[in-house]
Structures are given as structure tokens and as C-alpha cells.
Amino acid sequence: VAKVRDVDLSLSYAEAIKNLQPEREIEDTRVDVVAEKDWPRRMVEREVYRPSAELARVTDLALALGRPLLLQGEPGCGKTRLAHSAAYALGIPLEVSYIKSTSRAQDLLYTYDAVRRLYDSQLGAEGPKDQNGQPLARLARNYISLGPLGRAIARAEYGRHSAVLIDEIDKADLDFPNDLLWELDRMEFSVPEAPGMGHSSAALRPFVVITHNEEKPLPPAFLRRCIYYYVEFPKTRSEIERILRLHGVGSALSKKSVELIGELREKDLNKKPGLTELIDWVRYEEAREATPEDLAKLPDIEAVLKDRADIERVRRDLAAT
Amino acid sequence: VTEPGEQHFFLWTLFQQLRRRGFALGPEEYEAVQSALRAGFGWSSHRELQEVCSALWATSREERAVVAALFDQHVTSNWRLDAGTSDAPVVEAEPAPLTAEGSTQETDELALGPPEQEPEGLVPRTASMGGLPPLTLSELPVLPYQHVFLPQYPVSFRAAAQAWRRLRWPVREGPATELDVDATIQRRSDLGVVSPPVLRPRRRNRAKLLLLVDRQGSMTPFHSYVDEVCRAISQAGRLRQVGVFYFHDTPLEGADASVLEQFEGQLFPSLDPVLDDVPPLTQGTLMSDADLRTPWSARDVVSEHGRGAAVVILSDGGAARGRYDLLRLLDTVAFLKAAKEWSYRLVWLNPLPPTAWTGTTAAEIARHMPMFPMDRYGMYRAVNVLRGQPFPVEKPLTAGAWSG
């Protein structure tokens with residue numbers, strides 16, 4: 001049972017997003033070992049993303065309470081993008097973990113390369129050595145590499161924030177979320193293969209964003225530890241227009257496309273077009289220098305509609321008018 | 001912190017109502033909302049407070065709808081503190097408790113936030129109204145909230161999935177990626193020289209399942225529950241292959257009824273005297289869609305989904321109608337005899353409890369094959385049987401020849 005944690009109000013996404021530079025320097029995550037000091041940095045470009053005011057507030061709530069943020073919603077509504085945007089806005093490194101059906105909870109924390117160690121040990125004195133001239137194979141910790149969550153916890157132990165994106169958690173085994181309960185609750189882990197190795201950060205909690213596509217239900221024990229938010233398709237036209245403008249779409253085209261997408265979404269389609277599709281489509285049409293009148297004929301609609309029956313239906317409706 | 005006691009803080013009432021609706025909420029979750037409030041979240045508007053509650057208490061879209069609806073029942077006013085939302089209001093003061101006989105008026109004031117926000121010097125006054133005001137239908141207020149109806153099944157999706165995940169037939173197959181420690185040590189000591197490690201493929205579940213689902217007629221009330229169970233099994237059961245086929249009353253129909261001739265004139269004859277003579281029923285059609293419109297020949301179903309699969313029949317077996325139907329029993333027994341030929345395990349799940357089986361065709365079927373009620377315990381026992389646990393029945397059927 002988790003003890004009551006302090007509320008941490010030091011980070012606010014809603015505030016940070018108000019004023020963003022086109023690029024900024026953030027700690028580089030593409031390294032093997034998380035350094036305690038003198039960590040490498042790299043320039044990161046701004047993430048083009050516009051959260052709803054509600055989502056920004058809920059993100060702040062998750063940051064303050066130190067709980068994972070669980071995002072659900074239609075595909076292509078920017079669940080994954082939020083993690084990138086938040087990490088950029090807060091200036092913290094983002095560790096990404098794309099879940100596959102074979103992913104195990106432990107992989108998020110660390111992996112142990114027993115096979116390589118065995119190979120190395122069989123080479124005996126000829127095997128690879130560390131800087132003191134000792135064979136690497138002598139110590140298991142030389143063959144441990146931390147996973148995304150493990151690195152974030154290690155970084156937190158050194159007093160630095162990070163964001164962790166666990167993308168599409170429902171792709172993994174049913175046990176996967178349950179196996180993470182302790183680590184997400186306590187933000188600590190140890191490596192049994194290498195006694196004495198492990199990290200814990202009681203005070204500073206990495207910001208965990210989890211996306212979920214409703215493919216499988218998640219266990220209640222896991223859900224109750226999360227902050228839950230359902231990312232909806234933007235409700236007002238002006239909001240979609242703003243998002244399109246953010247992606248550099250001119251106002252004439254964006255106005256027309258928002259109108260069209262509204263009509264499309266009102267039809268009883270098998271798969272409703274999402275924001276990602278809309279943005280791709282309109283940006284392509286803009287690059288082709290299409291006019292709003294061209295757009296009304298729904299050219300290249302395959303970029304928006306991904307179901308054969310839907311495309312045929314929309315084409316029929318278009319021909320009828 | 002308002003202690004839950006005689007005083008009812010409206011969030012506590014909301015929390016209790018959600019718990020009654022089966023939300024997995026504990027004291028920790030209640031405390032979470034309180035710490036969020038203490039940290040300054042949820043004060044600037046009615047909507048924001050609702051957002052805090054649903055972020056912390058809801059875990060799905062449906063649950064969000066429930067939280068929103070219940071929240072609106074308790075907090076009927078919309079408020080906004082537009083000026084300077086960035087500096088959160090002081091939170092030490094506790095919101096006014098809502099007494100048991102709290103009127104709507106009080107709720108409205110409550111929703112305005114901490115007491116210091118209320119206008120000072122508000123003294124309740126009474127005034128004579130002089131009779132009831134006239135009331136017309138158009139003046140009746142529209143309810144400020146909606147009711148939410150959610151299906152609640154005897155076994156939840158997750159519980160069903162958990163039960164069926166126990167059906168495993170782990171086989172190592174695919175690329176060799178896992179280190180086989182024992183084999184590696186064995187080889188090393190056998191050869192006495194340095195040898196490469198031995199790898200082996202990961203374990204995968206090869207269990208196959210064929211679900212045969214009774215539709216329409218007496219099964220109509222159970223459609224959505226049965227669908228939910230089928231969905232849970234096929235989505236979350238982590239089985240290698242799940243085939244779902246539908247039928248009406250009996251999986252296959254048209255068994256040779258000539259064996260029944262000797263029973264002419266009897267009211268409730270038992271099938272037992274001719275059990276061995278019932279020919280296996282191999283011909284016929286099953287439907288691949290729930291509306292019973294797309295037929296598949298039984299032969300194709302067996303060759304694609306049936307062979308080596310565990311078979312589950314989901315049907316009331318005539319128990320819902322409460323009748324004993326000899327022809328139905330004959331068809332069922334004839335099908336089961338044929339099915340024994342190609343499947344190693346069969347179970348029957350009945351949406352009705354065993355007390356309802358008595359005196360019906362279902363009770364007779366249960367004498368020939370394992371039949372369990374479709375509740376959580378029944379599903380566990382069904383999976384046990386499919387896993388190979390012996391389950392003696394009164395009159396086991398012998399396999400018939402499958403001519404397919």
C-alpha cells in the first residue's frame with residue numbers, strides 16, 4: 001500500500017506550453033548509461049501540438065500527484081504526441097517504450113544479456129575487459145542495460161526529471177500492467193541478477209504517460225493508480241482550425257477542410273477519420289496548391305478514409321450532390 | 001479533511017455512490033481527490049472539479065459518463081472563478097457540509113466553493129407565500145442531469161478472460177531466442193570444451209477453442225451477456241485460435257428419429273435404452289454470424305476450427321422453456337457423439353442456474369456431458385475439464401464415426 005505522497009507543484013504543463021521556443025536543449029536519452037553528472041545534451045525541436053485546456057489541466061494533476069497519466073481515445077487524436085509535447089514543454093528528456101505483444105514488464109526496467117555474458121566468459125582471459133583489466137564477464141552488471149522506465153528512475157535518483165511514454169500498453173500480455181504496479185507505485189527496482197544493483201527515487205517521480213487503445217481491458221488495480229483521460233476529437237471547428245494552422249496550413253484551406261471533415265464525421269462511417277489523417281491530407285493538398293473548391297471534390301480521400309466501404313460511400317454521396 | 005460521519009460532504013456521497021456501482025475505489029482514491037483539491041486543482045469552475053473527479057475515479061469512457069452524471073446530480077450549479085485562476089484559492093477552509101436534509105438551495109451554495117466565497121451576512125428569512133403558486137407543465141424544470149444505464153453482467157469481462165486464460169497448451173515454437181540453461185550446462189559438461197550456448201524457442205499457447213453459441217428464441221435475453229463472454233474469451237483469452245459459430249436450439253439438426261419409434265405413446269421417455277443406437281450426426285450447417293444468416297457446413301467448421309480444439313457449447317439446453325423435448329435431446333446427443341470423434345474435450349455452459357435445469361432437456365444433457373452454469377465458478381470448472389481434469393458424468397457418450 002502506497003503511503004501518502006507529497007504533492008509536487010514544481011512542474012506545470014499548462015504554464016509551460018504558453019511560451020515555447022522553436023527548439024531547446026534537453027538531456028539526450030540515446031545513451032547506454034544514465035550519467036550522474038555531466039550528462040549529454042542535444043537540441044530538440046518543438047513538438048507541434050495543441051492540447052485542450054482540459055487535457056493540460058489533467059496533465060498537471062498527474063504531474064502534481066505523481067501518478068501515471070493514462071490516455072485513451074480514438075486513434076489519431078494525439079495521445080502519443082502529448083507525451084512528446086509535455087516533455088518538450090517541461091524541458092525534460094522523454095524515454096519511449098513501444099509495447100509489443102512479446103514485451104515483458106521487466107524489459108521496461110532492465111534487460112540482462114545472459115547469452116553475451118556466457119560467450120564472453122567462455123573466451124576466458126581473451127574475453128573483453130573493463131578499464132581495470134578485469135574480464136567483463138566476471139560481473140553480471142556489465143551485461144545489464146536499463147530500459148526506458150529504469151533509466152527514468154535512475155535519472156530521478158540523481159535528481160533529474162524525465163517523462164516516460166509507454167505506448168499502446170494493451171498490446172502486451174494481460175499480466176504486463178500488473179507486473180508494473182510496484183515499480184510505478186514506488187518508483188524503485190532492483191536487479192536480482194546483479195546483487196546490489198537497482199535504483200529508487202522516493203522524492204522525485206518520473207512523469208509516466210501510458211496510451212491505451214481499448215484492445216484489451218486493463219486490470220482494475222492498475223487503473224486505479226492512474227489518472228485517466230479520454231482524448232476526444234476536438235469539439236469545435238475553431239479548435240480544429242487552430243490545430244491545422246499550428247501545422248502550417250493556410251486559413252482558406254483549413255476552413256474548408258474542417259467543414260469537410262465535420263461532414264465526413266457525421267456520416268455513419270466504419271472508421272471515422274482522426275486528426276492525424278486530416279492533418280496529413282490537408283498538408284498534402286496545400287503542397288499541391290489545391291484551392292478550397294478543389295478540396296470540396298475530396299481528392300486523395302484515401303489519406304483520410306481507411307475503409308473500402310467508407311470510401312465508396314463517400315464517393316457515391318459526392319456524385320449524388 | 002471532512003470526516004465521513006453524520007456530516008456528508010458531497011464528494012463523499014458521490015464517492016459512496018460510485019463504490020455502490022462497482023467502481024474499484026478505496027480510501028486512497030478518495031484521499032487523492034482531496035490532495036488534488038488541497039493542491040489547488042478543481043476550484044476554478046464546476047467543470048474543472050468534475051474533471052478532477054473523473055480523472056481520478058473513472059477508468060474508462062463509460063465510467064467517465066457515470067461520474068459526470070452523478071456529479072451533475074450533486075452539483076447543480078455552474079460556477080466559474082474567472083479572475084486570476086492561476087493563484088489558487090486558499091484551501092484550508094473546508095467546504096460546508098451537506099446535511100442529510102440539505103435542500104437544493106444548500107447544494108447550490110456548496111458548489112460555490114469554500115465558505116469564505118459566500119456573501120457575508122446572509123440570514124435565512126421566512127416569508128408567507130399565501131397558498132401554492134400555480135403550476136403549469138411548461139414551468140416544470142428539466143432535470144439538470146441524465147441517467148446512465150450500464151450493463152452489469154454476472155461475470156465481468158476481465159473475470160471471464162481470467163478464467164479462460166487458464167486454458168493453456170504451451171508449446172515451444174518459433175525462432176530460438178531463449179537461453180536454455182540446463183541444455184547449455186549439459187552440453188558443456190558432455191563435451192568438456194567451450195561450446196556455444198543452447199537456445200530454444202519461447203513458449204506459446206497452442207490451445208484452440210471452438211465456441212458454439214445458441215441464438216434467438218429462449219436465448220434472446222442472454223444475447224448480450226453471452227456476447228460479452230465470447231468477446232472476453234476471444235480478445236483476452238490469449239488462445240491460439242478461437243472459432244465462434246452460432247446455431248438455434250441444437251448445434252446440428254435432423255438426427256435419424258427412427259430410434260424413437262419404440263417410445264410411441266410414452267409421455268416422457270428416456271433416451272437411455274437406445275443411447276448406443278443413436279447415430280452420430282455429422283451433416284448440417286452452423287452459422288458464422290450472430291444473426292444466423294451465413295451458413296457454414298459442419299464439415300468445414302470441423303476441419304478449420306474443430307479438430308483438436310476444446311469445444312464449448314453456450315446454450316440453455318431447453319432449460320429456459322422448462323420443457324423436456326425428446327427430439328432436441330436426440331439431436332444434441334447425436335451431435336455430441338459425432339463431436340467426440342474430432343474433439344478431445346467438450347463442455348456445456350448454461351446461462352441458467354442448475355436449479356432451472358431440473359426436468360428439462362438440459363438436465364438430460366447434463367447426464368451425458370459436463371454442463372456448468374455460466375457464472376464465474378462454473379467457467380473455472382469448465383476450464384478445468386477442458387484442461388483435462390476428470391469430470392464423471394452419469395452416462396458418458398461413446399464416440400461415433402465421423403464420416404468427414
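Up top is the structure.
Conventions and cut-offs
Residues numbered from 1 in each chain as written. Chains lettered and ligands numbered in written order. Predicted model: local features only at pLDDT ≥ 70, side-chain atom pairs only at ≥ 80, totals over all residues. Heavy atoms only, no water. Helix = DSSP H or I, 4+ residues; strand = E, 2+ residues; numbered from the N terminus. Buried < 20%, exposed > 50% of the residue type's maximum accessible area, 1.4 Å probe, protein only. Contact = heavy atoms within 4.5 Å. Areas by Shrake-Rupley, 256 points an atom, 1.4 Å probe, with all protein chains shown as cover. Buried area = accessible area lost by both parts, 1.4 Å probe. Salt bridge = Lys/Arg side-chain N within 4 Å of Asp/Glu carboxyl O. Polar contact = N/O pair within 3.5 Å; in protein donor to acceptor, adjacent residues only side chain to side chain. Core = buried A, V, L, I, M, F, W, Y, C linked by side-chain atoms within 4.5 Å. Axes fitted to C-alpha atoms, helices over the stretch in contact; angles between N-to-C directions. Parallel < 35°, antiparallel > 145°, perpendicular 65-115°, else oblique. Left-handed = near helix turned anticlockwise from the far one by under 90°. Nonpolar A, V, L, I, M, F, W, Y, C, P; charged D, E, K, R; others polar. Patch = residues over 30% accessible without salt bridge, like charges linked within 9 Å, V, L, I, M, F, W, Y side chains within 5 Å. Lys, Arg positive; Asp, Glu negative; His and termini not counted. Charge placed at Lys NZ, Arg CZ, Asp CG, Glu CD. Phe/Tyr/Trp six-rings, centres within 6.5 Å; stacked < 30°, edge-to-face > 60°. Lys NZ or Arg CZ within 6 Å of the ring centre and 35° of its normal.

A. Quick look at the overall build of chain B. Helix and strand counts for chain B come out as twelve helices and nine strands. Every one of the 404 residues in chain B was classed for burial, and the buried ones make up 47%. Residue pairs in contact within chain B that sit at least 24 positions apart in sequence constitute 75% of those at least 6 positions apart. Looking at chain B as shown, the accessible area adds up to about 21000 Å², and 52% of this sits on carbon and sulfur atoms.

B. Representation of the interface of chain B and chain A within the structure. If you look at the interface, chain B gives 37 residues, while chain A gives 39 residues. Interface area for chain B against chain A, summed over the two sides, is near 3500 Å², with a carbon-plus-sulfur share of 59%. Among the residues chain B hides against chain A, the three largest losses belong to Phe41, Arg61 and Arg158 of chain B. Together they make up 18% of the total. Scanning the region where chain B abuts chain A turns up four salt bridges. In this structure, Arg47 of chain B and Glu54 of chain A form a salt bridge, with 2.8 Å as the shortest nitrogen-oxygen distance. Our count for the chain B to chain A interface comes out at five residue pairs in polar contact (both at pLDDT 80 or more). For the side of chain B that touches chain A, the elements supplying multiple residues, two or more each, are helix H2 (27–38), helix H3 (46–57), helix H4 (61–74), helix H6 (157–165), helix H7 (181–191), strand S2 (199–205) and helix H8 (223–236) of chain B. Ranked by residue count, the leading element in the side of chain B that touches chain A is H3 of chain B, at seven residues.

C. How the structure looks around the nonpolar core. Of all hydrophobic cores here, the largest spans 85 residues; its most connected members are Leu61, Ile227 and Trp281 of chain A together with Leu11, Leu18, Leu56 and Trp57 of chain B. It is helix H2 (residues 53–65) of chain A that provides the largest number of residues to this core, a total of eight residues. In contact with Leu11 of chain B, other than residues within four places in its own chain, are Tyr30, Val33, Leu37, Cys53 and Trp57 of chain B. Counting 77 residues, the second-largest nonpolar core is a separate cluster that includes Ala207, Met219, Leu239 and Val385 of chain B.

D. Representation of the packing of H2 of chain A against H3 of chain B. Relative to each other, H2 of chain A and H3 of chain B sit at 55°, their axes nearing to 10 Å. On the basis of the axis angle, H2 of chain A is oblique to H3 of chain B. The two elements H2 of chain A and H3 of chain B meet at a crossing, and its hand is right-handed. Residues Glu54, Arg57, Val58, Leu61 and Leu65 of chain A of H2 of chain A form the contact with H3 of chain B, whose participating residues are Arg47, Glu48, Glu51, Val52, Ala55 and Leu56 of chain B. Of the residues assigned to the contact of H2 of chain A with H3 of chain B, the class counts are six nonpolar, no polar and five charged.

E. Spotlight on helix H1 (residues 10–20) of chain B. Residues of H1 of chain B that are buried: Phe10, Leu11, Trp12, Leu14, Phe15, Gln17 and Leu18 of chain B. Of the residues one or two after H1 of chain B, Gly22 of chain B is the one with positive phi, at around 85°.

F. Fine view of a positive patch on the surface. Residue and element names in this part refer to chain A. A cluster of basic residues, Arg50, Arg242, Arg245 and Lys255, forms a positive patch at the surface. Following the sequence through the fold, Lys255 ends up in helix H11 (residues 251–266). You can call Lys255 exposed: its relative accessible area is 55%.

G. Main features of unusual backbone geometry. Residues and elements named next belong to chain A. The backbone of Asp38 shows a phi angle near 50°, a positive value even though the residue is not glycine. The topology assignment puts Asp38 in the loop between strand S1 (23–27) and strand S2 (41–45). Classification of Asp38 by relative accessible area gives exposed; the value is 73%. A positive phi is found at Leu298, a non-glycine position, where the angle reads about 50°. When you line up the elements, Leu298 lands in the loop between helix H13 (292–296) and helix H14 (308–320). Owing to a relative accessible area of 11%, Leu298 belongs among the buried residues under this scheme.

H. Molecular detail of the packing of aromatic side chains. Within the structure shown, the criterion is met by nine aromatic pairs over all chains. Ring geometry for Tyr153 of chain B versus Tyr225 of chain B: centroids 5.7 Å apart, planes at 20°, classification stacked. Of this pair, Tyr153 of chain B sits in the loop between helix H5 (104–110) and H6 while Tyr225 of chain B is found in helix H8, placing the two residues 72 residues apart along the sequence. According to the relative accessible area criterion, Tyr153 of chain B is partly exposed, its value standing at 23%. With centroids separated by 5.0 Å and ring planes inclined at 65°, the aromatic side chains of Phe372 of chain B and Phe391 of chain B adopt a geometry described as edge-to-face. Of the two residues, Phe372 of chain B is situated in strand S9 (residues 371–373) and Phe391 of chain B in the segment after helix H12 (376–386); the sequence distance between them amounts to 19 residues. Overall, the relative accessible area of 34% leaves Phe391 of chain B in the partly exposed class. When the ring centre of Tyr88 of chain A is taken as origin, the NZ or CZ atom of Arg24 of chain A, which lies over that ring, is 5.8 Å away.

I. The environment of Ala296 of chain A, seen in detail. Residues and elements named next belong to chain A. With respect to the helices and strands, Ala296 occurs in helix H13. For the pair Ala296 and Lys256, spaced 40 residues apart in sequence, the C-alpha to C-alpha distance is 7.6 Å. Those residues within four positions of Ala296 in sequence are excluded, and the remaining contacts are Lys256, Leu260 and Leu318.

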